[in-house]
Amino acid sequence: MNDGRILALDVEHYSNGGASLEESLLVIEMGLLKMENAYKFPNLRGRAWVCRTNLPSNSALRGFGFPQAGFITEFCITEVAAKCGLSPEKVRSINMYKKTDQTPYKQEINAENLILCWKECMAMSSYSLRKDAVEKFNLENYWKKKGLAMVPLKFPIGLGSVPMGQAAALVHIYLDGSVLVTHGGIEMGQGVHTKLLQVASRELKMPMSNVHLRGTSTETVPNTSISGASLVADINGFAVKDACQTLLKRLEPIISKNPGGTWKEWAQTAFDESISLSATGYFRGYESNMNWETGEGCPFKYFVYGAACTEVEIDCLTGAHKNIRTDIIMDAGCSINPALDIGQIEGAFVQGMGLYTIEELNYSPQGVLYTRGPNQYKIPTICDIPTKLNISLLPPSQNSNTLYSSKGLGESALFLGCSVLFAIRDAVNAARRERGLVGQWKLSSPLTPEKIRMACEDKFTKMIPRDEPGSYVPWNIPI
């Protein structure tokens, strides 16, 4: 069978946990649960080990195990495509989830929006036309090559634990008609404060200019949960909504008597009648369960879908690459704030681009970190952002189990940064074919300029002396 359909996948993951366990076990668990990405494998076995090493322990990256596990699966897809003589996009499409199905851990999934994202991205990016243009460019240029790649995304949302998803909020209404909101989420640039102001404004039916927010503090909202897993706005939003609904229920008799009044008048009346204008809200967390003995459960609340198509151009003499264009389509449900969500997608994509193509750690054989500071450790800059970056959201879709049918998009789009790596791989393959190089070359992430240059083998790379392994001390140890 060489139609590209994958019948079985067996993967062993080894995670560099450093000198202490920290969050490594939870990270590898999440990686295992999300490893299949957007694909339905009839037979899937995933095993994982956290390895204790003589290196510092690092904290969890945005995506929490999925950017690594999902990348391994995408690498398998490209290997299958090469063996079958098919395009990676063809193999991805054949193996993708179709409509209602079950994940490897027996959780039901409706993948209609996944297929819709894939088709929309294919159309939005003019994939077929640009693929022909890329091939034409590569025939006409020897030292520069272009590559095009398209990657799907299925990102489960959930903490895998009900207690970890608890949230609380405190809402005050003042006599001047203004409102003060305090919640347990940490604002770190993702816009959670703005979204929760919108929730209070929507529930209390008052302008956002009347709603104010106090910085997060355990003095007012104790025992707060982690701000992670793309759930900060979800769980804290439910808590704010609960507090606002409590206040509205108290004030309902007053409002019904004076429906044309203002919030200032209603608040004064409530005060005069000794009705409390403060309320706490609480959300107990999304239901979640996972039995690791049987490998079955329902650890996630919902799934975020998306797709990205990226075009790059590489310089075969230097290994440098330019990101020409990226098109991304994401399923945000009914977005509470589309501008914030698109901003999150942009930031996550660029961060993922750095993870997969730029940011590399180099250690000496003695364990000294070489890549310290901006001279040695590179992060994405303005020049690395695609010349054309088009981001769109699917039309709103209803999901009654989430906050106003919205979906959390904080982490998921980071994985789409690997579309840059696979586009580079496509360009390198074009260069190698032209040079008569057959067989697969070793692909590793991050795919830095040095690796790109050495993969584009030519008369210059052959001039470099090759020492016998074991006859020298390497200058660095790849991690």
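All of these numbers come straight from a predicted model, not from anything done at the bench. Note on numbering: residues in each chain are counted from 1, in written sequence order. Thresholds applied to this predicted model are a pLDDT of at least 70 for local features of residues and 80 or more for the giving and counting of side-chain atom pairs; totals over whole chains, interfaces and linings are not thresholded and use all residues. To obtain the side-chain values, all non-hydrogen atoms of the structure were used and water was disregarded.

**Description of the sheet that holds strand E7 (residues 179-183)**
Backbone-to-backbone hydrogen bonds join strands into a sheet, with any given pair of strands oriented parallel or antiparallel. Whether two strands pair depends on DSSP finding at least two bridges between them. Secondary structure follows DSSP: runs of H or I at least 4 residues long count as helices, runs of E at least 2 residues long count as strands, and numbering of each begins at the N terminus. What the four strands build is an open sheet, ordered E8-E7-E6-E9; its pairing is mixed. The outermost strands of the open sheet, each flanked by one partner alone, are strand E8 (211-213) and strand E9 (278-283). Adjacent strand axes in the sheet meet at a mean angle of 25 degrees, parallel and antiparallel pairs treated alike. Examined bridge by bridge, strand E6 (residues 167-173) and E7 share five bridges and lie antiparallel to one another. Among the inter-strand pairings, Ala-169 is bridged to a residue of E7, identified as His-183. In this description, contact between two residues means that some pair of their heavy atoms is separated by no more than 4.5 Å. Every angle, taken between N-to-C directions, lies between 0 and 180 degrees, and every axis is a line fitted to C-alpha atoms, over only the stretch in contact when it is a helix. Sheet contacts for helix H6 (residues 192-204): E7 and E8; angle to E8, the most-contacted strand, approximately 145 degrees. Packing of helix H7 (residues 232-257) onto the sheet brings it into contact with E6, E7 and E9, and relative to E9 it is tilted by some 140 degrees.

**Thoughts on the side chain of Asn-476**
Looking at the element boundaries, Asn-476 is found in the loop between helix H11 (449-455) and strand E16 (477-478). The definition of a polar contact used here is a pair of N or O atoms within 3.5 Å, where within protein one atom must be able to donate a hydrogen and the other to accept one, and adjacent residues in sequence count solely through side-chain atom pairs. At 2.7 Å, the side chain of Asn-476 and the side chain of Asn-362 are in polar contact. A distance of 3.3 Å separates polar atoms of two side chains, one belonging to Asn-476 and the other to Trp-475. Residues within four places of Asn-476 in sequence aside, it is in contact with Asn-362, Tyr-363 and Tyr-370.

**Thoughts on the packing of aromatic side chains**
Side-chain rings of Phe, Tyr and Trp, where Trp is taken by its six-membered ring, are said to pair if the distance between their centres is within 6.5 Å; with planes under 30 degrees apart they count as stacked, over 60 as edge-to-face, and otherwise as tilted. Taken as a whole and assessed by the stated rule, the structure comprises 14 aromatic pairs. An angle of 90 degrees between the planes, with centres 4.8 Å apart, marks the rings of Tyr-142 and Trp-143 as edge-to-face. Here Trp-143 falls in the partly exposed class, since its relative accessible area comes to 31%. Ring geometry for Trp-143 against Phe-460: centres 6.2 Å apart, planes inclined by 40 degrees, an arrangement best described as tilted. Note on classification: 1.4 Å probe, protein chains only; a residue is buried when its accessible area is under 20% of the maximum for its type, exposed when over 50%, partly exposed between these limits.

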